[in-house]
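A closer look at the structure
Each chain, letter by letter, is given below.
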Amino acid sequence: MCNVEDQDLLPPSKAKNASRTCIKCKEVAQIVLRADNCYCRSCFIAYFTHKFRATIGKSKLIRSNEKVLLAFSGGPRSSAMLYLVHEGLSENIHKKLRFLPGVVFIDDGAILQLSENERRNYLEFIRTTVSKTGFPLFCESLGKIFPTNQDTNIQSNLLSSDLSNTTRSDATSSSNFDLDTLIKRFKNDELKIVQVFEKLPNSTAKEDMLHILRKKLIQQIAEANGYTKVMFADCGTRLAVKILSDIAQGRGSSVAHDVTFADERNQAVTLVRPMREFLTKEVANYLTLKSIDYRTRLSLTTMKPVKSSIERLTENFVTDLQASFPSTVNTICRTGDKLSVGDTSKIDADAICPLCDSRIDTNNSLEGKTTSKTTSKICQNTADSCCGEGDGSCNRIARINLTAKEIEDRLCYGCRLIFHSNNWEMDDLPQFLIDAIEKQLRRKRLKEEIEEFLLD
Amino acid sequence: MACCAISGSIQAQYNSKVILLPFNFQCLNNSDSFCVMLWWPLQQALNVTGNGQAYRWDMKKLISWIKENLLQERPELFVQGDSVRPGILVLINESDWELLGELEYHLEENDCILFISTLHGG
Ligand SMILES: [Zn+2]
Ligand SMILES: [Zn+2]
């Protein structure tokens, strides 16, 4: 029938081409991207660098001198991204990158249950790596997403520790410097989040929540420090996994946003993915050839069976398929690209999930499972004088008492699944979520109040 | 975690003829993060197995040796059949092993074999 296409889909024959040659310069190849697509060392590095800059350049999204925050975890992909950005800025070349980068590191060691020593070593690694680039570094614990009682105002509390600055002023006695203090502070912030994660029903919900909270916190840090873009180092392989696991977890409505080059759901901070054209294999090759130091990130399902979470299982599926059919990842990603994001500006703010920012396209699909909990979240600042705006923008208005039902109703299907167990308390919700829901409800009530006075 | 530090210092180890015995055991037990480097002088390999047979191991033998001797937990996260599991990149002297015959590649003295997990969470 369609012989030509079928050829492409067949697993590559493992013929022993004793010495295959580079497709660019005919030297002996070192890197295999696909069966017949081999590169020598220098052509591969040129290809890789070019593709990275082209992805950024093509979008025309990042302006000259714009402040861009790099989400850095110390793992392979973000280490490659940091290296590429650093190299792209310092070189005196035609396609030089022209933005002002900062680096943010979110420490999720508490959730991964790392020991204090492991965390200190890891932070030390992050600090040394970033200080080599000279970019400002913001370090924060994921626990910060749940503000402690003493400081309820999350905005003022986002004084992200600028480690690289501290080292500079402290250069003489920097050996042990503040890492201990920092970890102590982190631990203090983390009491809540550890409890919350213990209550989540399974690894799938935990991973999902971890991604959402990490992204939220990075956006908050970016916003608080005047960054308008955040770069995430998701590569094609990860995005392919994301597309399929999003769908499996009932997050179909956010697939388009989760895989595009630029996710503009958040008006203040745009997320960009400059690594999206790469496969994990290419990244691993690049890191090795360039001798870039990185750490293998542990995840919640590290050393766990393949079926321990949807994400893990999906990754296994994609990787296995990719091994026999090298165009798997590309095909999935191209399919994801075809989904249109739609005009985000036209979406009613009430139809946005306050947790994951995706559009809500279902109505109460988890009905009958709602629990009757009343809020214990009582206004902490008793001075409930409002500026009169009425939308909570002044942050001084008295808290509305929320019920669990009201909260669940506001979430999208995928996010409801995270909380789809009976044992969570109102206290377990991050403050930004409560604030967002209150704002939505307030707006809704205001609308109802004035409704009868409105002309049709 | 300890093993991960190795990846960046490949160059250094090339030059300083340090004999780094295959794997960091701890790393394999605590996580499946295979950014593991083998500095693999063959004599050493034979000493470890304690017999004098087959001077030149092939990759198949090496992988099965690793499975038998180093992986105590969940070997399926590393091996699949005779070979490594998909998602683990194998580099022989920084070249993709697909170019060198994969399982049939015969180890040379001072080869540097690198197993890199490209999977999330190692
Ligand atoms: Zn070439
Ligand atoms: Zn949601």
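Just so it is clear, the model here is predicted, and its values are computed rather than measured. (Residues numbered from 1 in each chain as written. Chains lettered and ligands numbered in written order. Predicted model: local features only at pLDDT ≥ 70, side-chain atom pairs only at ≥ 80, totals over all residues. Heavy atoms only, no water.)

**Overview of the overall build of chain A**
Condition: For the purposes of this entry, the term helix denotes a DSSP run of H or I that reaches at least four residues, the term strand denotes a run of E that reaches at least two, and both are numbered from the N terminus. Only protein chains enter the area calculation, which uses a 1.4 Å probe; residues under 20% of their type maximum are buried, those over 50% are exposed, and those in between are partly exposed. Here, residues are in contact when the closest pair of their heavy atoms is within 4.5 Å. Residue burial considers only the protein chains on display, and all accessible areas are found by Shrake-Rupley using a 1.4 Å probe.
Within chain A, the regular secondary structure consists of 17 helices and nine strands. Taking all 456 residues of chain A together, the buried fraction comes to 52%. Nonlocal contacts in chain A, meaning residues at least 24 apart in sequence, comprise 74% of its contacts between residues at least 6 apart. Taken as a whole, chain A presents about 21,400 Å² of accessible surface, with 51% of it coming from carbon and sulfur.

**So, empty space enclosed by the protein**
Quick reminder of the rule: Method remark: on a 1 Å grid restricted to protein atoms, a set of points is classed as a cavity if a 1.4 Å probe fits but cannot get out and as a pocket if it is open with protein on both sides within 12 Å along at least five of seven lines; lining residues have an atom within 4 Å of a point. Grid points are joined across faces, edges and corners, and a volume is the space filled by probe spheres set on the points.
Tallying each qualifying case throughout the model produces eight cavities of 30 Å³ or more. Of the pockets and cavities examined, the largest cavity occupies roughly 1,000 Å³. Taken together, 50 residues make up the lining of the largest cavity; nearest its centre are H211(A), R214(A), D234(A), R238(A) and H120(B). Elements with a minimum of two residues in the lining of the largest cavity: α3 (76-90), α9 (203-224) and α10 (236-248) of chain A together with β6 (112-117) of chain B. For the lining of the largest cavity, the leading source of residues is α9(A), giving nine residues.

**What to know about the coordination of the zinc ion (ligand 2)**
Heads up, the condition is: Here a donor is an N, O or S atom found within 2.8 Å of the metal, or within 3.2 Å if the metal is Na, K or Ca; sites may look incomplete because water is not among the atoms. In these descriptions, tetrahedral denotes four donors with every angle between 85 and 135 degrees, square planar four donors and octahedral six donors with opposite donors over 155 degrees apart and the rest between 65 and 115, and irregular any other case.
At the metal site, the zinc ion (ligand 2) is ligated by C353(A) (SG), C356(A) (SG), C412(A) (SG) and C415(A) (SG), and these contacts range over 2.2 to 2.3 Å. Geometry at the zinc ion (ligand 2) is tetrahedral, judged from its four donor atoms and the angles of 106 to 114° they form at the metal.

**Re the coordination of the zinc ion (ligand 1)**
Within the first shell, the zinc ion (ligand 1) binds the protein through C22(A) (SG), C25(A) (SG), C40(A) (SG) and C43(A) (SG), at distances of 2.2 to 2.3 Å. Viewed at the metal, the four donor atoms of the zinc ion (ligand 1) are separated by angles of 100 to 117°, and the geometry they form is tetrahedral.

**Topic: the pairing of strand β5 (residues 137-141) of chain A**
Residue and element names in this part refer to chain A. As a reminder, the rule being used: Whether two strands pair depends on DSSP finding at least two bridges between them.
Of all five residues making up β5, five are buried, and the element is well covered by its neighbours. Both faces of β5 are covered, namely the face carrying L137, C139 and S141 and the face carrying F138 and E140. Here strand β4 (residues 100-107) runs beside β5; their pairing, made up of five bridges, is parallel. Across the sheet, residue I106 finds its bridge partner in β5, namely E140.

**Focus on helix α2 (residues 41-59) of chain A**
Residue and element names in this part refer to chain A. So the rule is basically this: Expected helix span is taken as 1.5 Å per residue step, with the number of steps being one fewer than the number of residues.
Here α2 is 19 residues long and its end C-alpha atoms lie 28 Å apart, about the 27 Å a rise of 1.5 Å per residue gives. Within α2, burial applies to C43, F44, I45, Y47, F48, T49, F52, R53, T55 and I56. Looking at the buried residues of α2, the elements they touch are β1 (31-34), β2 (37-39), α3, β7 (229-231) and α12 (280-289). Following α2 by one or two positions, K60 has its phi on the positive side, about 50°.

**Describing the state of the cysteines**
Residue and element names in this part refer to chain A. How we decide: Note on disulfides: each one is a pair of cysteine sulfur atoms within 2.5 Å.
Per the counting criterion, the structure on display carries zero disulfides over all chains. Take C38: it sits in no disulfide, and the sulfur closest to it among the cysteines is that of C22, at 8.5 Å. The class of C38 is buried, set by a relative accessible area of 2%.

**Details of the environment of I212(A)**
Residues and elements named next belong to chain A. Assignment of secondary structure puts I212 in helix α9. Residue I212 is classed as buried on the basis of its relative accessible area of 9%. Along the chain, I212 and C356 lie 144 residues apart, while their C-alpha atoms are 6.1 Å from each other. Not counting residues up to four positions away in its chain, the partners in contact with I212 are R251, L355, C356, C415 and I418.

**A look at the packing of helix α13 (residues 310-324) of chain A against helix α14 (residues 328-338) of chain A**
Residues and elements named next belong to chain A. Note the threshold: Helix axes are fitted to C-alpha atoms over the stretch in contact, other axes to C-alpha atoms as well, and angles between N-to-C directions run from 0 to 180 degrees. Comment on the angle field: the value is read as roughly parallel under 35 degrees, roughly antiparallel over 145, roughly perpendicular from 65 to 115, and oblique elsewhere. Note on residue categories: nonpolar means Ala, Val, Leu, Ile, Met, Phe, Trp, Tyr, Cys or Pro, charged means Asp, Glu, Lys or Arg, and polar means any other residue, Gly included.
The N-to-C vectors of α13 and α14 enclose an angle of 120°; their axes lie 8 Å apart at closest approach. Here α14 runs oblique to α13, going by the angle between their axes. On α14, the residues that touch V318, L321 and Q322 of α13 are T328, V329 and I332. Split by residue class, the contact of α13 with α14 holds four nonpolar, two polar and no charged.

**Things to note about the domain arrangement of chain A**
Residue and element names in this part refer to chain A. This is how the line gets drawn: An automatic or database domain assignment is the source of the domain bounds shown. A pair is scored as a salt bridge if a Lys or Arg side-chain nitrogen falls within 4 Å of a carboxyl oxygen belonging to Asp or Glu. Each polar contact in these results corresponds to two N or O atoms within 3.5 Å; when the atoms are within protein, one needs to be able to donate a hydrogen and the other to accept it, and residues that are neighboring in sequence are counted only if both atoms are side-chain atoms.
In terms of domains, chain A is made up of domain 1 (41-346) and domain 2 (363-453). Across the contact surface, domain 1 and domain 2 share zero salt bridges. For the pair domain 1 and domain 2, the interface holds one residue pair in polar contact (both at pLDDT 80 or more). At the level of elements, α8 (179-199) and α9 are the ones that each hand at least two residues to the side of domain 1 that touches domain 2. Among the elements that make up the side of domain 1 that touches domain 2, the one with the highest residue count is α9 (seven residues).

**Here we look at the nonpolar core**
Residue and element names in this part refer to chain A. We count it as follows: Here, nonpolar core means buried Ala, Val, Leu, Ile, Met, Phe, Trp, Tyr and Cys residues that are tied together by side-chain atoms lying within 4.5 Å of each other.
F44, F52, L70, V85, M231 and M275 are the most contacted members of the largest nonpolar core, which totals 56 residues. Among the elements that make up this core, the one with the highest residue count is α2 (seven residues). Counting residues in hydrophobic clusters, the runner-up holds 51 residues, among them L69, F146, Y227 and L355.

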